[in-house]
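Okay, here's what each chain looks like letter by letter:
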Amino acid sequence: MAADRRGKAETLALRRRLISNSCRLFFPEDPIKIVRGQGQYLYDEQGAEYLDCINNVAHVGHCHPLVVQAAHRQNQVLNTNSRYLHDNIVDYAQRLAETLPEKLCVFYFLNSGSEANDLALRLARQYTGHWDVVVLDHAYHGHLSSLIDISPYKFRDLDGQKEWVHVAPLPDTYRGLYREDHPNPAGAYASEVKRVVNSVQEKGRKIAAFFVESLPSVAGQIILPAGYFPEVAEHIHGAGGLFIADEIQVGFGRAGKHFWAFQLQGEDFVPDIVTMGKSIGNGHPVACVATTQAVARAFEATGVEYFNTFGGSPVSCAVGLAVLDVLEKEQLQAHAASVGSVLMGLLGQQKAKHPIIGDVRGIGLFIGVDLIKDTATRTPATEEANYVVSRLKENYILLSTDGPGRNVLKFKPPMCFNVDNARHVVAKMDTILTDMEEKVRSCETLRLRP
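How each quantity is defined
- Position numbers for residues start from 1 in each chain and track the written sequence from start to end.
- It should be noted that, the model being predicted, local features are given only for residues of pLDDT at least 70 and side-chain atom pairs only at 80 or more, the latter also being counted only at that level, while totals for whole chains, interfaces and linings use all residues.
- Calculated side-chain values reflect all of the structure's heavy atoms, with hydrogen atoms and water omitted.
- UniProt positions are given in the numbering used here, feature names are shortened, and annotations may be inferred rather than shown by experiment.
- To pair, rings of Phe, Tyr and Trp, with the six-membered ring standing in for Trp, must have centres within 6.5 Å; the planes then decide the type, stacked if under 30 degrees apart, edge-to-face if over 60, and tilted in the middle.
- By definition, any uninterrupted DSSP run of H or I lasting at least four residues is a helix, any uninterrupted run of E lasting at least two residues is a strand, and each is numbered from the N terminus.
- For every residue, the accessible area (1.4 Å probe, protein chains only) is compared with the maximum for its type, and the residue is labelled buried under 20%, exposed over 50%, or partly exposed between those bounds.
- Charge-over-ring contacts are defined here by two conditions on Lys NZ or Arg CZ: a distance within 6 Å of the ring centre and an angle within 35 degrees of the ring normal.
- At least two bridges found by DSSP between two strands are what make those strands a pair.
- Where helices are involved, their axes are fitted lines through C-alpha atoms of the stretch in contact, as for all axes, and angles between N-to-C directions lie from 0 to 180°.
- Only heavy atoms enter the contact rule, under which two residues are in contact if any of them lie within 4.5 Å.

An unreviewed UniProt entry annotates the protein as 5-phosphohydroxy-L-lysine phospho-lyase of Odobenus rosmarus divergens. Check the Cofactor (unreviewed entry) section of the UniProt entry for the protein; it says "pyridoxal 5'-phosphate". What the UniProt record of the protein gives under Sequence similarities (unreviewed entry) is the line "Belongs to the class-III pyridoxal-phosphate-dependent aminotransferase family."

If you want it as structure tokens, here you go:
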């Protein structure tokens, strides 16, 4: 194909002419043209190999052969909508049910995490008869209008906060209201949700749901204090609302210790609704909502059909089944726990060596490195974080930043990311941070000279 021979500059010119600037590129000053992926690696048009530390969509690895083969085989036979009987959709629902608490036993299949979260919102409103939603500060739940409205990460730069949206403090024990020295941060942050609930009720409004990422990602790779969810659920249920766990970024074993990140909050904790996306299809557009019989029946009682043209298609379900097969056969959940532990340890050593690293937090292959300007104020080191990401790219390592200050280096690699990869990335980070410190010292020396 002619496109295979197109140079990077020509591709970039075409993109700038044909694609909206709102659809942004990584490294806009010098974007990478990626033409192939395999495992935890991406390859540019010159054949250069990049280590991918951020693509949690390619969950079991870019172009995993078993996933590719499953899609190809089913595509050769049938791909149609879910109004016909087919084994794939029921087989897939059954396999997912085996990973979840028994109560979560009804499934809806969709194409994207945004679709899943939008449906979850509809389910909660129909079941409760209420409208309002409580979310965490800096949350992001998707790009549909309904989800922009419940995503402080987005709405603060757009139309602002709607009267039916209520924002509770992010349970960030490094930067938040209650920090690492607090005796009970889970209880303290849950009390903040209770305060929000009380305020809503005093206004005569009613809560449909508490909507939360099980591990907040764009907020800065936040690990929520254990016990927070059960206490919050008590407050939300007491107000007649439902608890919705958004697992789109972090489900399917990424947390290592558990298959679902909400399980980090206690073995007995069960959300009312769980949403899934991104990693569920390893790059194929698949998403899912799991809920209880009671919630599903309330939605059915409207008499209005829920139909999604491509959701639950034979090909999508074949892909989803293949992803579960790979996770199991390659023991990737245990792998995430093991490699994540090594990576956390190596990053912890860097924290002890480099004052710019204020915090290293994470679990499994969901890790954040919080860069700061000084330890007293914990001011986000935004420019420095961007510099580190740029230098890593020069070393063929793809990393990016998150958090309100865009100063948190985020690790969410494909689950096949290994110990050698971890050591390689940290060694390069060490070199870059050491070089930064030497340059700063040189500048200070020059300023001190008469």
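Moving on from the model shown.
**Some details on the packing of aromatic side chains**
Considering all chains together, one arrives at 17 aromatic pairs under this definition. Here the aromatic rings of Tyr178 and Tyr189 are separated by 5.0 Å at their centres, their planes lie at 80 degrees, and the arrangement is edge-to-face. Taken together, the positions of Tyr178 in the loop between β6 (165–168) and α7 (185–202) and Tyr189 in helix α7 put the pair 11 residues apart, joining distant regions of the chain. Assessed through its relative accessible area of 0%, Tyr189 is described here as buried. Taking the centre distance of 6.4 Å and the plane angle of 70 degrees together, the rings of Phe262 and Phe269 count as edge-to-face. The exposure class of Phe262 is buried, given its relative accessible area of 0%. With a relative accessible area of 8%, Phe269 lands in the buried category. Here the aromatic cluster, defined as three or more aromatic residues joined through ring pairs, consists of Phe210, Tyr228, Phe229, Phe243, Phe262 and Phe269. One Lys or Arg, Arg125, reaches over the ring of Trp164 and ends 4.6 Å from the middle of that ring.

**Thoughts on the sheet that holds strand β4 (residues 106–110)**
Spatially, β4-β10-β9-β8-β7-β5-β6 is the arrangement adopted by the seven strands of the open sheet, whose pairing is mixed. Each having just a single partner strand, β4 and β6 make up the two edges of the open sheet. Along the sheet, successive strands turn relative to each other by an average axial angle of 20 degrees, direction set aside. Summarising the sheet, strand β7 (residues 207–213) and strand β8 (residues 242–246) pair through five bridges and their orientation is parallel. Looking across to β8, one finds that Ala209 is bridged to Leu242. In the packing of helix α3 (residues 87–99) onto the sheet, contacts are made with β4, β9 (273–276) and β10 (287–291), and the angle to β4 comes to roughly 120 degrees. Its contacts with the sheet put α7 on β5 (132–136), β6 and β7, and the angle it makes with β6 is roughly 155 degrees.

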